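This is what each chain is made of:
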Amino acid sequence: MLQQTTVAAVLPRYVSFLDRFPDIDSLARAKEESVLAEWSGLGYYARARHLSRAARQVVREHGGELPRDIAALRALPGFGEYTAAAVASLAWDVRAPAADANVTRVLSRVHAIPGTAGSRAHRQRVLVAATELLPLARPGDATAALMDLGQAICLPRRPLCPRCPLRAECAGLASGDPERYPRRPSKPPMGRATVAAGVVRREGRALLLRRAGRASLGGLWEFPSAQAETLPAAKEDLGLLLRSLGLMLDDATPPAPADHTIMRRRLEIAVFRALPAELPIAPVTGGGARWWTPSELDRAAVSTLTRKIGRAAGFLPVAQ
DNA sequence: CAGCCGTGGGG
DNA sequence: TCCCCAAGGCT
């Protein structure tokens, strides 16, 4: 959960996740969709799919016990170089260097490591520095301390150097401008797009479709929707999708607006009502479509975008 | 290596 | 309002 997600965002979800899946066996037995439902709203949903697969692999290959060596951890879905080292170090007290964004920032500054964070050369120098720093006794505590130092003191901007225990030996501070370490890769500018979503209701339920497997947002339920650069284009695509479902867009009712930012795209959302094109309504069959009550949908595997659409349509309550 | 994946909080 | 950033990994 903590991959690219802050402790504050994770903490309440971590508690409820462990309440729902208290151990690896219960996680391994659960359907992937149940794990995604518990993950709903946390983002980066591939992490939940990986976690589901990883639990099953641990049961199958390691007797239900998380392995203690780096190589076996690294072989689990969702365990990259960092996470394997972090788990080995923090959980098993293995002397493995784990350089997350915080540790990378701290060590980049302490050693004034040039170059862009994430490049192979830079990453290698950070790992060497981390390895040199790890003590033989309780290396996990040192890993945790480095992370905490980066999270609380060695901030990305305006670091609290006067309060830093490493200030006397920090080359970045000595250089006069610790903030320039590490150099961050440039990011593409924010884009914009429009989403047209169709909400069709029947007997108190609404129709949602499920995306397939590994795709983006795979395994999550969504209202029928289409994304395009302009509203007319998105609306046109939505109309085609609805027609294939035996539905039609209701043009008499003005669309409800919403907005959402997903990665580097700002989305303007227009939520249309949809109606059956012929009576009786074509029963939507297959595992990819289902009619949901509001309370069912509230506990379902859906993204925040889907929740916003449901609320804009008046189908889901506007929440706490 | 580049591109992509979600979301919420903070400046 | 807008950008930055976060206990990264996969393709």
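Residues numbered from 1 in each chain as written. Chains lettered and ligands numbered in written order. Predicted model: local features only at pLDDT ≥ 70, side-chain atom pairs only at ≥ 80, totals over all residues. Heavy atoms only, no water.

A. Structural context of the protein's contact with DNA strand B. Inspection of the region around DNA strand B gives 16 residues, with Thr-5, Tyr-44, His-260, Met-263 and Thr-304 positioned closest. A share of 52% is what sugar and phosphate atoms reach among the atoms of DNA strand B within 4 Å of the protein. Within the contact set of DNA strand B, a phosphate oxygen lies 2.5 Å away from a backbone nitrogen or oxygen of Thr-304. For the surface near DNA strand B, a count of residues per class yields six nonpolar, nine polar and one charged. (Near = heavy atom within 4 Å. Polar contact = N/O pair within 3.5 Å; in protein donor to acceptor, adjacent residues only side chain to side chain. Nonpolar A, V, L, I, M, F, W, Y, C, P; charged D, E, K, R; others polar.)

B. Representation of the side chain of Arg-49. Note that Arg-49 resides in helix H4 (residues 46-62). No salt bridge is formed by the buried Arg-49. Its closest oppositely charged neighbour is Glu-32, at 5.0 Å. One polar contact links the side chain of Arg-49 to the main-chain carbonyl oxygen of Gly-218, over a distance of 3.0 Å. (Helix = DSSP H or I, 4+ residues; strand = E, 2+ residues; numbered from the N terminus. Buried < 20%, exposed > 50% of the residue type's maximum accessible area, 1.4 Å probe, protein only. Lys, Arg positive; Asp, Glu negative; His and termini not counted. Salt bridge = Lys/Arg side-chain N within 4 Å of Asp/Glu carboxyl O.)

C. A look at the protein's contact with DNA strand C. The environment of DNA strand C is formed by 25 residues, the closest being Leu-2, Gly-80, Thr-83, Asn-102 and Arg-105. Considering DNA strand C, the proportion of its atoms within 4 Å of the protein that are sugar or phosphate atoms stands at 69%. Here Gly-80 contributes a backbone N or O atom positioned 2.8 Å from a phosphate oxygen of DNA strand C. Of all the elements in the fold, those that place two or more residues in the surface near DNA strand C are helix H6 (81-92), helix H7 (101-110) and helix H9 (139-152). Looking at the surface near DNA strand C residue by residue, the classes come out as nine nonpolar, eight polar and eight charged.

D. Molecular detail of the nonpolar core. Ranked by internal contacts, the top residues of the largest apolar core, which has 36 residues, are Val-35, Leu-208, Phe-223, Ile-269, Leu-297 and Ile-309. Only helix H2 (24-29), helix H3 (32-39), H4, strand S1 (191-199), strand S3 (205-210), strand S7 (256-262), strand S8 (265-276) and helix H13 (304-312) provide two or more residues apiece to this core. Here this core gets four residues from one element, more than from any other, and that element is S1. Other than its neighbours up to four places away in sequence, Ile-309 contacts Ala-197, Val-199, Phe-223, Ile-269 and Val-271. (Core = buried A, V, L, I, M, F, W, Y, C linked by side-chain atoms within 4.5 Å. Contact = heavy atoms within 4.5 Å.)

E. Representation of the packing of aromatic side chains within the structure. Scanning the entire structure with this criterion turns up three aromatic pairs. Their ring planes at 90 degrees and their centres at 6.0 Å tell us that Phe-17 and Trp-39 sit as a pair that is edge-to-face. Taken together, the positions of Phe-17 in helix H1 (residues 7-20) and Trp-39 in helix H3 put the pair 22 residues apart, joining distant regions of the chain. In terms of burial, Phe-17 and Trp-39 fall into one category: buried. Consider the rings of Trp-221 and Trp-292, whose centres lie 5.2 Å apart with planes at 70 degrees: the pair is edge-to-face. Residue Trp-221 is located in strand S4 (residues 221-222), and its partner Trp-292 is located in strand S9 (residues 289-292); the two are separated by 71 residues in the primary sequence. Each member of the pair, Trp-221 together with Trp-292, is buried. (Phe/Tyr/Trp six-rings, centres within 6.5 Å; stacked < 30°, edge-to-face > 60°.)

F. Seen up close, H13. Among the residues making up H13, those that are buried are Leu-305, Thr-306, Arg-307, Ile-309 and Gly-310. Among the structural elements, S1, S3, S4, S7, S8 and helix H12 (294-298) are those in contact with the buried residues of H13. At the exit of H13 stands Gly-314, carrying a positive phi of roughly 80 degrees.

G. Looking closely at the environment of Arg-163. Along the chain, Arg-163 falls in the loop between H9 and helix H10 (171-174). Taking the relative accessible area as the measure of exposure, Arg-163 reaches 60% and is therefore exposed.

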